[in-house]
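Now for the letters of each chain:
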Amino acid sequence: TSCTECGRCQSQCPAWHTDKPLSPKLLIMAMRDHAMAKVVETENLVGENAPIALDVLWSCTSCGACVEECPVDIEHVDHIVNMRRFQVLVESEFPAELGGTFRNLEKSGNPWGANKQDRESWIAECDFPVRVVSGELPEEVEYLFWVGCAGAYEDRAKKTTKAVAELLHMAGVNFAVLGKRETCTGDSARRSGNEFLYQILSQENIETFKETFGNRGVKKVVVTCPHCFTTIGKDYAQSGYELQMLHHTQLLNTLVKEGKLKTSPHKADQKITFHDPCYLGRHNQIYAPPRELLEASGCDIEEMPRNQERSFCCGGGGGRMWMEEKIGTRINLNRVDEAIETGAQEVAVACPFCRIMVGDGMVARQSDVEVLDVAQVLLRNVKS
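Residues numbered from 1 in each chain as written. Predicted model: local features only at pLDDT ≥ 70, side-chain atom pairs only at ≥ 80, totals over all residues. Heavy atoms only, no water.

1. Brief notes about the overall build of the chain
No. 1: Looking only at helices and strands, the chain has 17 helices and seven strands in total.
No. 2: In terms of C-alpha radius of gyration, the chain reaches 21 Å, essentially the compact-globule figure of 21 Å for 384 residues.
No. 3: The C-alpha extent of the chain, read off along each of the three principal axes, is 65 × 50 × 35 Å.
No. 4: A buried classification covers 59% of the 384 residues belonging to the chain.
No. 5: Looking at the chain alone, contacts between residues at least 24 apart form 75% of all its contacts between residues at least 6 apart.
No. 6: Looking at the chain as shown, the accessible area adds up to about 16,200 Å², and 46% of this sits on carbon and sulfur atoms.
No. 7: Once the 42 positive and 54 negative side-chain charges of the chain are each reduced to a mean point, those two points are 2 Å apart. (Helix = DSSP H or I, 4+ residues; strand = E, 2+ residues; numbered from the N terminus. Rg over C-alpha atoms; globule rule 2.2 N^0.38 Å. Buried < 20%, exposed > 50% of the residue type's maximum accessible area, 1.4 Å probe, protein only. Contact = heavy atoms within 4.5 Å. Areas by Shrake-Rupley, 256 points an atom, 1.4 Å probe, with all protein chains shown as cover. Lys, Arg positive; Asp, Glu negative; His and termini not counted. Charge placed at Lys NZ, Arg CZ, Asp CG, Glu CD.)

Structure representation (structure tokens):
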């Protein structure tokens, strides 16, 4: 009821900008009017002939741009996720593609449905040792490296995983991975409204963390995925289990500043632009570390007009990674066009979902602009 109808949320919404039916402003107004109505024409808030259409509900990427802009601190995304929960768990009415994603998460512990035994396959591709811990984390191991589903299975994300592991090894950081003991954090399940499935996955991981860290005071976890970062760091804390989370750009930036990773002073040949992941930037206010790493790697950053707290979403968050984009224009193409217009030869990202969406967008635009993770840019420089 505090909505001032200013429209700032709508002006920044990636769904609205790509001709989807979602307007955060109109959604909040519809909820308010429905709640205040003396005579409610329909009991349902969402659905056919209801104030909020299903397509409105499922257009959200949970990027948080609306929340960031709102002058009266309305939490649009929380309302949308709550309504999705009702549609999934009570009405059993959700996009068909999500059915396959939910089954994959239930059976295989990852949204791709890949074999759980293959979670460690990336290690065989490394020419340096990677420690896999089966029980409690030894005292000398400082960081638990949470690889994540994308980092373990998706070919482009695996390059990031291997780059981060190699940089940590070069810096002399004592780290270990869980290997087959990992399962999905439940991010996609929760943002898509399947709270029941999220709770199952999160409790399984929390038990694994308890077994791994034991009575250790400071429990340090480094991740390459901002969605894992947010879910483990914030959502698991709601269940009473807190960890010290570090995104790989934060840890690598610290290692460079401490001199444990020596960067080459020569300038990079290509001009680069950086795409802020929503779940790293707006959701966690981490903007400086990836940019400082790129600068340390000799890069001249050509910022896109929409950057940092007003960055434009890649289109993969909020479970949208697993849904078809059938309405309007594609969000990732909107973002890719902006990146291409900077004249940069490379786009640096810091999220596996962003890497997939921006990379696919470049392919669709038949562009030769390369998409790579900040860690790969740093490794290239350190090795030069």
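On we go.
2. Thoughts on the packing of aromatic side chains
No. 1: Within the structure shown, the criterion is met by nine aromatic pairs.
No. 2: Taken together, Trp146, Phe209, Phe213 and Tyr241 form an aromatic cluster joined through their ring pairs.
No. 3: Over the ring of phenylalanine 312 we find arginine 306; its NZ or CZ atom is 3.9 Å from the centre of that ring. (Phe/Tyr/Trp six-rings, centres within 6.5 Å; stacked < 30°, edge-to-face > 60°. Lys NZ or Arg CZ within 6 Å of the ring centre and 35° of its normal.)

3. Overview of unusual backbone geometry
No. 1: Its identity is not glycine, yet serine 92 carries a phi of approximately 50 degrees, on the positive side.
No. 2: Looking at the secondary structure, you find serine 92 in the loop between α6 (76-89) and α7 (96-108).
No. 3: The exposure class assigned to serine 92 is exposed, which follows from its relative accessible area of 55%.
No. 4: A positive phi angle, close to 55 degrees, is found at glutamine 366, a residue other than glycine.
No. 5: By the secondary structure assignment, glutamine 366 is in the loop between α16 (352-364) and β7 (370-373).

4. Overview of the pattern of salt bridges
No. 1: Scanning all chains against the criterion turns up 31 salt bridges.
No. 2: With its nearest N and O atoms 2.8 Å apart, the salt bridge here joins arginine 310 to glutamate 69. Residue arginine 310 is located in the loop between α14 (288-296) and α15 (331-341), and its partner glutamate 69 is located in helix α5 (residues 65-69); the two are separated by 241 residues in the primary sequence.
No. 3: In this structure, glutamate 120 engages lysine 180 in a salt bridge whose closest nitrogen and oxygen atoms are separated by 3.5 Å. Of this pair, glutamate 120 sits in the loop between α7 and β1 (143-146) while lysine 180 sits in the loop between β2 (175-176) and α10 (187-191); the two residues are 60 residues apart in sequence, bridging distant segments of the chain.
No. 4: Each of Arg85, Asp187, Arg190, Arg191, Glu195 and Asp235 takes part in salt bridges that share partners, so that together they form one network. (Salt bridge = Lys/Arg side-chain N within 4 Å of Asp/Glu carboxyl O.)

5. So, the nonpolar core
No. 1: Formed by 108 residues in total, the largest nonpolar core has its most connected members in Phe209, Val221 and Leu252.
No. 2: Residue contacts for valine 221: discarding those within four places in its chain leaves Leu144, Trp146, Phe209, Phe213, Leu243, Gln244, Met245 and Leu246. (Core = buried A, V, L, I, M, F, W, Y, C linked by side-chain atoms within 4.5 Å.)

6. Some points on empty space enclosed by the protein
No. 1: Using the criterion set out here, one finds seven cavities of 30 Å³ or more in the structure.
No. 2: In this model, the largest cavity occupies a volume close to 140 Å³.
No. 3: Residue lining of the largest cavity: 16 residues in total, with Cys149, Cys184, Cys225, Cys228 and Phe353 positioned closest to the centre. (1 Å grid on protein atoms, 1.4 Å probe; cavity = no way out; pocket = protein on both sides within 12 Å on 5 of 7 lines; lining within 4 Å. Points joined across faces, edges and corners; volume = space filled by probe spheres on them.)

7. Focus on the sheet that holds β1
No. 1: Taken in spatial order, the four strands line up as β2-β1-β3-β4 in an open sheet, and their pairing is parallel. Each edge of the sheet is formed by a strand with only one pairing partner; in this case those strands are β2 and β4 (244-247).
No. 2: Against the sheet, helix α12 (residues 226-238) makes contact with β1, β3 (220-223) and β4, and its axis sits at roughly 170 degrees relative to β4, the strand it touches most. (Pairing = 2+ DSSP bridges. Axes fitted to C-alpha atoms, helices over the stretch in contact; angles between N-to-C directions.)

8. Brief notes about the environment of tyrosine 287
No. 1: Of note, tyrosine 287 is situated in the loop between β5 (272-274) and α14.
No. 2: Residues tyrosine 287 and glutamate 48, spaced 239 residues apart in sequence, show a C-alpha to C-alpha distance of 41 Å.
No. 3: Non-local contacts of tyrosine 287, meaning those with residues more than four positions away in its chain, are made with Asp276, Gly281, Arg282, Gln308 and Glu309.
No. 4: There is a polar contact of 3.4 Å between the side chain of tyrosine 287 and the backbone nitrogen of arginine 282. (Polar contact = N/O pair within 3.5 Å; in protein donor to acceptor, adjacent residues only side chain to side chain.)

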